Amino acid sequence: MEIKNQTLFFVGIIVLILGTLIIIFDYPQLQILDNLDSESYYMLDEEKKNIHQRMKIEITVGIGLAVTGIGLLAVSFSKRFENRLR
């Protein structure tokens, strides 16, 4: 395979790495909060419940970034998008 658009390839690598790092560092924390039983979860204060909700959003954004990075990498190999950004 030959890289047709180097700029798109490097942007794809960066976006993929960013999304992967978000997933790697947030997933264990999210699992801890998800595995609490209902009594323990209700005993948490509002700030920790808000943090849990924000972490769910953040992991979704991380997954979206990873998928976008994979898509950009795939497009960078396509002949149709050669020199499109220049």
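Residues numbered from 1 in each chain as written. Predicted model: local features only at pLDDT ≥ 70, side-chain atom pairs only at ≥ 80, totals over all residues. Heavy atoms only, no water.

*Asks:* Run through the overall build of the protein, naming residues and quoting values.
*Replies:* Looking only at helices and strands, the protein features 3 helices and 0 strands. Taken from N to C terminus, the helices and strands of the protein fall in the order α-α-α. Taken over the C-alpha trace, the protein has a radius of gyration of 18 Å; the compact-globule value for 86 residues is 12 Å, which it surpasses by more than 25%. Counting only C-alpha atoms and orienting by the principal axes, one finds that the protein spans roughly 55 × 20 × 15 Å. (Helix = DSSP H or I, 4+ residues; strand = E, 2+ residues; numbered from the N terminus. Rg over C-alpha atoms; globule rule 2.2 N^0.38 Å.)

*Asks:* Describe the nonpolar core, naming the residues involved and giving the relevant values.
*Replies:* Counting residues in hydrophobic clusters, the biggest one holds 6 residues: L30, L33, Y41, L44, M55 and I59. Once residues lying within four places of it in the same chain are set aside, the contact partners of M55 are D26, Q29, L30 and L33. (Core = buried A, V, L, I, M, F, W, Y, C linked by side-chain atoms within 4.5 Å. Buried < 20%, exposed > 50% of the residue type's maximum accessible area, 1.4 Å probe, protein only. Contact = heavy atoms within 4.5 Å.)

*Asks:* I'd like a description of the packing of aromatic side chains, backed by residues and values.
*Replies:* One pair of aromatic rings is described through two measures. These are the centre distance and the angle between the planes. Throughout the structure, instances matching the rule amount to 3 aromatic pairs. With a centroid separation of 5.5 Å and an interplanar angle of 70°, the aromatic rings of F9 and F10 are classed as edge-to-face. Note on Y41 and Y42: the rings are 6.3 Å apart at their centroids and 70° apart in plane angle, and the pair reads as edge-to-face. Among the aromatic residues, those joined into a ring-pair cluster are F9, F10 and F77. (Phe/Tyr/Trp six-rings, centres within 6.5 Å; stacked < 30°, edge-to-face > 60°.)

*Asks:* Now, about the packing of helix α1 (residues 6-34) against helix α3 (residues 46-76): what can you tell me, with residues and values included?
*Replies:* Axis separation between α1 and α3 bottoms out at 7 Å; the angle between their running directions is 155°. It follows that α1 is roughly antiparallel to α3 by the angle criterion. Crossing of α1 against α3: the hand is left-handed. Residues belonging to the contact of α1 with α3 are distributed by class as follows: 21 nonpolar, 8 polar and 4 charged. (Axes fitted to C-alpha atoms, helices over the stretch in contact; angles between N-to-C directions. Parallel < 35°, antiparallel > 145°, perpendicular 65-115°, else oblique. Left-handed = near helix turned anticlockwise from the far one by under 90°. Nonpolar A, V, L, I, M, F, W, Y, C, P; charged D, E, K, R; others polar.)

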